[in-house]
Amino acid sequence: MSTRTSTPTGTPSSSREGSGPTSPAKPMVRDRTAAWLFLGYLVLVFFSVVYLYPFLVQVTTSFKTNSDAVANPLSPLAHPFTLGAFQRLFDTDFPLWALNSVVVTLLVTAGRVFLCSLAGYALARIRFRGRGAVFTAILAVMAVPGVVLLIPKFLVLNYLGIYNTYPALVLPLLVDAAGVFIMKQFFETIPESVEEAARIDGAGTFRTFWSVVLPMARPALITLTILSFQGSWNELPHFIVASQDPDLFTLTKGVATLTSGQLGSGQQYPITMAAALLMTIPVAIVFFVFQKYLVRGGTSGAVKG
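Residues numbered from 1 in each chain as written. Predicted model: local features only at pLDDT ≥ 70, side-chain atom pairs only at ≥ 80, totals over all residues. Heavy atoms only, no water.

*Asks:* Pulling in residues and values, what's your account of the overall build of the chain?
*Replies:* Across its full length, the chain carries 15 helices and zero strands. Scored against the burial criterion, the 305 residues of the chain give a buried share of 33%. Excluding contacts between residues fewer than 6 apart, the proportion of contacts in the chain whose partners are at least 24 apart in sequence is 74%. Accessible area of the chain: about 18,200 Å², with a carbon and sulfur share of 70%. (Helix = DSSP H or I, 4+ residues; strand = E, 2+ residues; numbered from the N terminus. Buried < 20%, exposed > 50% of the residue type's maximum accessible area, 1.4 Å probe, protein only. Contact = heavy atoms within 4.5 Å. Areas by Shrake-Rupley, 256 points an atom, 1.4 Å probe, with all protein chains shown as cover.)

*Asks:* Before we move on, could you go through the nonpolar core and cite the residues and values that matter?
*Replies:* For soluble globular proteins, nonpolar side chains are generally found buried alongside one another. In this structure, M183, F187, A217 and L221 are the most contacted members of the largest nonpolar core, which totals 20 residues. Contributions of two or more residues to this core are made by α5 (94-125), α6 (131-143), α9 (177-187), α11 (205-216) and α12 (218-233). When sequence neighbours within four positions are dropped, the list of residues in contact with F187 reads S117, G120, Y121, A124, R125, F209, V213, L214 and A217. Counting residues in each nonpolar core, the second largest holds 18 residues, with A85, L89, W233 and V255 among its members. (Core = buried A, V, L, I, M, F, W, Y, C linked by side-chain atoms within 4.5 Å.)

*Asks:* Mind laying out the pattern of salt bridges, listing which residues take part and the relevant values?
*Replies:* Where side chains of opposite charge bring their charged atoms close, a pairing between them can arise. The final tally for this structure, using the stated rule, is four salt bridges. Across the pair R125 and E195 runs a salt bridge whose closest N-O atoms are separated by 2.3 Å. With R125 in helix α5 and E195 in helix α10 (residues 192-200), the pair connects residues that are 70 residues apart, well separated along the chain. E195 carries the same exposure label as R125, and that label is buried. (Salt bridge = Lys/Arg side-chain N within 4 Å of Asp/Glu carboxyl O.)

*Asks:* So, the packing of aromatic side chains: which residues are in play, and what are the values?
*Replies:* This model, assessed by the stated rule, comprises 14 aromatic pairs. Note on F206 and F209: the rings are 6.0 Å apart at their centroids and 50 degrees apart in plane angle, and the pair reads as tilted. Of this pair, F206 and F209 both sit in helix α11, separated by three residues, roughly a single helical turn. What makes F206 partly exposed here is its relative accessible area of 47%. Put simply, the rings of F114, Y121, F187, F206, F209 and W210 touch in pairs and so form one group of aromatic residues. Positioned over the ring face of F135 is K184, at 4.2 Å from the centre of the ring. (Phe/Tyr/Trp six-rings, centres within 6.5 Å; stacked < 30°, edge-to-face > 60°. Lys NZ or Arg CZ within 6 Å of the ring centre and 35° of its normal.)

*Asks:* So what about the environment of F154? Which residues, and what values?
*Replies:* Examined against the element boundaries, F154 turns out to sit in helix α7 (residues 150-160). Judged by its relative accessible area of 32%, F154 falls in the partly exposed class. In this structure the C-alpha to C-alpha distance between F154 and A242, which are 88 residues apart in sequence, comes to 6.3 Å. What F154 contacts, discounting residues up to four positions off in sequence, is Y163 and V241.

*Asks:* Can you explain the side chain of T105? Please cite residues and give values.
*Replies:* Positionally, T105 belongs in helix α5. Every residue in contact with T105, bar those within four places of it in the chain, is listed here: F229, S232 and W233.

*Asks:* Got a sec to walk through the environment of A256? Specific residues and values, please.
*Replies:* In this structure, A256 sits in helix α14 (residues 251-262). Classification of A256 as partly exposed rests on a relative accessible area of 32%. In sequence terms A256 and L236 are 20 residues apart; their C-alpha atoms lie 8.9 Å from each other.

*Asks:* Outline the confidence of the model for the chain, supporting the account with residue identities and numerical values.
*Replies:* Interpretation of the predicted coordinates at a detailed level should be avoided for regions scoring low in pLDDT. A residue-level look at the chain finds 85% of positions with pLDDT of 70 or above and a mean pLDDT of 83. The least confident element of the chain, judged by mean pLDDT, is helix α1 (residues 2-19) at 47; the most confident is α5 at 94. Low pLDDT, under 50, characterises residues 1-20; the predicted model gives this stretch three contacts beyond four residues in sequence or across chains. Here residues 297-305 is a poorly scored stretch, pLDDT under 50, and it has 12 contacts once near neighbours within four places are set aside; other chains count. (pLDDT = per-residue confidence, 0-100.)

*Asks:* I'd love a proper account of the packing of α10 against α11, names of residues and values included.
*Replies:* The geometry of α10 relative to α11 is characterised by a closest axis approach of 10 Å and an angle of 155 degrees between their N-to-C directions. Considering their axes alone, α10 and α11 lie roughly antiparallel with respect to each other. As α10 packs across α11, the resulting crossing turns out to be right-handed. In this structure, α10 uses V194, E195, A198 and R199 to contact α11, whose residues at the interface are T208, V212, V213 and M216. A breakdown of the residues in the contact of α10 with α11 according to their chemical character gives five nonpolar, one polar and two charged. (Axes fitted to C-alpha atoms, helices over the stretch in contact; angles between N-to-C directions. Parallel < 35°, antiparallel > 145°, perpendicular 65-115°, else oblique. Left-handed = near helix turned anticlockwise from the far one by under 90°. Nonpolar A, V, L, I, M, F, W, Y, C, P; charged D, E, K, R; others polar.)

Right under this line is the structure:
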């Protein structure tokens with residue numbers, strides 16, 4: 001009798017305990033998930049600090065004295081806090097370097113966006129013999145390290161008689177293989193029916209490109225603008241081989257002369273970091289303002305309809 005009564009009462013009660021809301025298994029799973037989530041965030045914070053700490057040191061060092069920077073190079077605090085490095089920096093040719101960088105960067109960015117767009121549209125839409133070979137050559141140029149082309153650049157500039165001039169700083173940077181590739185890939189995602197409608201209305205090839213297709217390529221244009229601005233603003237090897245005239249120094253080349261000892265004895269960490277900080281501001285502003293277009297333009301060319 002006792003055996004028959006224990007069997008029906010024990011089995012349902014054990015099943016209810018295992019499946020009921022008070023089961024200890026679910027809180028354990030939640031705790032384990034929260035622990036892994038906390039550990040993941042902890043790892044992300046650690047690597048974020050490792051990545052950002054050098055930039056923090058750069059910022060604080062620019063407000064240090066030279067003796068404090070030498071004695072405590074990795075300290076994130078300035079003792080004492082001073083603007084002396086910025087004052088000394090503007091006593092050099094830094095304003096001239098900044099002006100040269102602005103002029104060269106604007107010219108290169110405008111020219112690169114226009115010419116790369118033309119080349120990309122031609123490779124994407126115009127049928128001509130050897131188009132595949134031209135595109136393959138462009139991809140091959142992207143694979144060549146830029147340092148390999150420095151000596152040929154110097155020889156060409158010297159042969160053309162434009163060495164130590166503004167055109168030498170600008171002309172070799174006007175076209176970029178990566179820019180042509182980006183624009184070609186984006187133009188291929190635009191339906192050809194849009195262009196056919198423009199041709200029916202009597203628009204020529206350039207008119208169709210300029211008035212119809214180019215406005216539709218806004219994400220790719222903004223992406224190319226950001227990349228061109230950043231690349232030309234931070235360019236150094238080309239400027240080294242393009243000129244030796246101090247009046248044509250850009251920010252990158254001028255700051256390089258500061259680090260090589262133009263200011264005299266001592267490491268001069270504060271003034272170097274102050275120059276680097278001021279150089280970073282324009283690129284950072286452009287990137288943060290247009291970063292959503294950069295992501296959109298960088299991925300849109302990879303999507304095919």
